[in-house]
Amino acid sequence: MKKKIIAYNRVEKPVLDDLKKKYDVRFFKNIDTKNDPEFLEHLSESEGIIGLELPVDAELLDNGPNLKVISNVSVGYNNLDLDEMTKRQIMGTNTPGVLTDTVADTVFGILAATARRIPELDQFVKNGEWQTEAVGSEHYGINIHHKTLGIIGMGRIGKAIAQRGHFGFDMDILYHSRTRKPDAEQTFNAAYRTLDQLLEESDFVCMITPLTPETEGMIGKREFQKMKKSAIFINGSRGKTIVEQDLIEALKNGDITAAGLDVFENEPIEPDNPLLNMKNVVTTPHIGSSTHETELAMSELAAENLEAGLNGKRPPNLVNPAAFEKIE
Ligand code: NAP
Ligand code: GLV
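These lines cover the structure that appears in this document, whether it is placed above or below. (Residues numbered from 1 in each chain as written. Chains lettered and ligands numbered in written order. Predicted model: local features only at pLDDT ≥ 70, side-chain atom pairs only at ≥ 80, totals over all residues. Heavy atoms only, no water.)

1. As for the sheet that holds strand β8 (residues 191-192)
- The parallel open sheet is built from seven strands, whose spatial order is β8-β7-β6-β9-β10-β11-β12. Edge strands, defined here as strands with exactly one partner in the open sheet, are β8 and β12 (281-283).
- The sheet contact formed by strand β7 (residues 172-176) and β8 spans two bridges and is parallel. Bridge pairing in β8 links tyrosine 175 to tyrosine 192.
- Taken strand by strand, helix α7 (residues 156-169) contacts β6 (148-152), β7 and β9 (204-207), and its axis lies near 175° from that of β6. (Pairing = 2+ DSSP bridges. Helix = DSSP H or I, 4+ residues; strand = E, 2+ residues; numbered from the N terminus. Contact = heavy atoms within 4.5 Å. Axes fitted to C-alpha atoms, helices over the stretch in contact; angles between N-to-C directions.)

Here it is, written out as structure tokens:
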């Protein structure tokens, strides 16, 4: 009999089709995972889950007594309660590396769009408001090249953003991380700063840490007030690494100039969120890694992780190694 697995929210079709040949797969999307009877029934018999942003807590795990592995189709794994999973010897996995350059491209695209007001001016043209040959200073943007880019979270994606800033735009790179990064210091001439120093010195502040208990709400009122009034803030990490209400206030008060946001406290964002009415805010719907090529590569890697876990092997991208040690 085929092993039962759950696919959740997003697994690319060729990968899903391949999994269906080997496993009894049920796909779920946009459901209430606490109360959906079909989901709960399948969960009670499933050995693995593959997908995106499934909130995994003790209650869900209690309802999945046969689970061996939960394979995220994402590099972030803040949706997984790893302590509870490890207690139950359930492995958690993610998809690092294959999305690094794509996310850095997105973050840089949002940065450029915000600095040069591209979405706003696109609407200006399409609305027929471009009526004199030369636009006036009210439509000018801010230079990116030769400015200072401050990166909070100099990991894989942070370094790929630094690479684009340093080699592509002649920017000075500052960074803040838990540990120093000699490779980035050498390759991109990046300079380490305390968080406060980085906020005070940067023209662009880019947040790209994981969401953890330490980073939750890391950028709030105090931090926005430390930034230059001319600063542009970019969030490519998770919505909850910042205090969104404090960002709204900082933008309203002119504490900073603009923001480019791929992630939000609530996703999808509420239609009445004030950020949506601000011309100096560029928004995208959490699409950091969303290209055809990269989503496929992520699904493939997630399937590899899933299958290793289902077969009692150590998955290549295990995020709670203690769970595997318990199995061994
Ligand atoms: P990574 O290689 O693990 O890098 C994370 C970096 O954050 C590391 O340099 C780490 O520092 C730093 N960090 C962790 N906690 C910190 C803290 N308290 N203070 C300062 N720095 C801290 O991960 P990655 O592959 O670059 O991905 C980073 C995150 O980007 C993901 O976790 C995810 O949340 C987000 N992401 C978003 C999208 C999107 O679609 N918008 C797509 C992909 C990823 P140390 O090295 O010193 O520990
Ligand atoms: C996307 O947000 C990811 O963490 O891969």
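Continuing now.
2. Quick notes on the site of ligand 2
- Around ligand 2 lies a shell formed by Ser74, Val75, Gly76, Leu99, Arg238 and His286.
- Contact distances for ligand 2 include 2.8 Å between an oxygen atom and a backbone N or O atom of valine 75.
- Take glycine 76: an N or O atom from its main chain is 2.8 Å from an oxygen atom of ligand 2.
- In terms of residue class, the shell around ligand 2 is built from two nonpolar, three polar and one charged. (Near = heavy atom within 4 Å. Polar contact = N/O pair within 3.5 Å; in protein donor to acceptor, adjacent residues only side chain to side chain. Nonpolar A, V, L, I, M, F, W, Y, C, P; charged D, E, K, R; others polar.)

3. Things to note about the packing of helix α1 (residues 13-22) against helix α12 (residues 292-310)
- It is at 9 Å that the axes of α1 and α12 come closest, and there the two elements cross at 25°. It follows that α1 is roughly parallel to α12 by the angle criterion. Across the interface between the two elements, Pro14, Val15, Leu19 and Lys22 from α1 touch Leu296, Ser299, Glu300, Ala303, Leu306 and Glu307 from α12.
- Classifying every residue of the contact of α1 with α12 by side-chain character gives six nonpolar, one polar and three charged. (Parallel < 35°, antiparallel > 145°, perpendicular 65-115°, else oblique.)

4. Details of the sheet that holds strand β2 (residues 24-28)
- Strand order in the open sheet made by the five strands is β2-β1-β3-β4-β5, with parallel pairing throughout. Whereas interior strands pair on both sides, the edge strands pair on one side only; in this sheet they are β2 and β5 (91-93). Recorded for the sheet is a direction-independent mean angle of 15° between the axes of neighbouring strands.
- The pairing of strand β1 (residues 4-8) with strand β3 (residues 48-51) spans four bridges and is classified as parallel.

5. Let's talk about empty space enclosed by the protein
- Considering all chains together, one arrives at one cavity of 30 Å³ or more under this definition.
- Approximately 30 Å³ is the volume found for the largest cavity.
- Of the residues belonging to the lining of the largest cavity, the class tally is two nonpolar, two polar and three charged. (1 Å grid on protein atoms, 1.4 Å probe; cavity = no way out; pocket = protein on both sides within 12 Å on 5 of 7 lines; lining within 4 Å. Points joined across faces, edges and corners; volume = space filled by probe spheres on them.)

6. Here's the deal with the layout of surface pockets
- Put simply, the second largest pocket is a space of about 380 Å³.
- If you trace the second largest pocket, you find 20 residues lining it, with Pro119, Glu120, Leu121, Gln123 and Lys279 closest to the centre.
- No other element matches helix α6 (residues 118-126), which puts five residues into the lining of the second largest pocket.
- Within the lining of the second largest pocket, the residues separate by chemical class into 10 nonpolar, six polar and four charged.

7. Examining the pattern of salt bridges
- In this structure the tally under the stated criterion is 26 salt bridges.
- Between arginine 10 and glutamate 295 there is a salt bridge whose closest N-O contact spans 2.9 Å. Linking arginine 10 in the loop between β1 and α1 with glutamate 295 in helix α12, this pair joins segments that are 285 residues apart in sequence.
- Owing to a relative accessible area of 5%, glutamate 295 belongs among the buried residues under this scheme.
- With a shortest N-O distance of 3.5 Å, glutamate 53 and arginine 238 are connected by a salt bridge. Here glutamate 53, found in the loop between β3 and α3 (58-62), pairs with arginine 238, found in the loop between β10 (232-235) and α11 (244-253); they are 185 residues apart in sequence, far enough to count as distant.
- Members of the salt-bridge network, linked through shared partners, are Asp62, Glu84, Lys87 and Arg88. (Salt bridge = Lys/Arg side-chain N within 4 Å of Asp/Glu carboxyl O. Buried < 20%, exposed > 50% of the residue type's maximum accessible area, 1.4 Å probe, protein only.)

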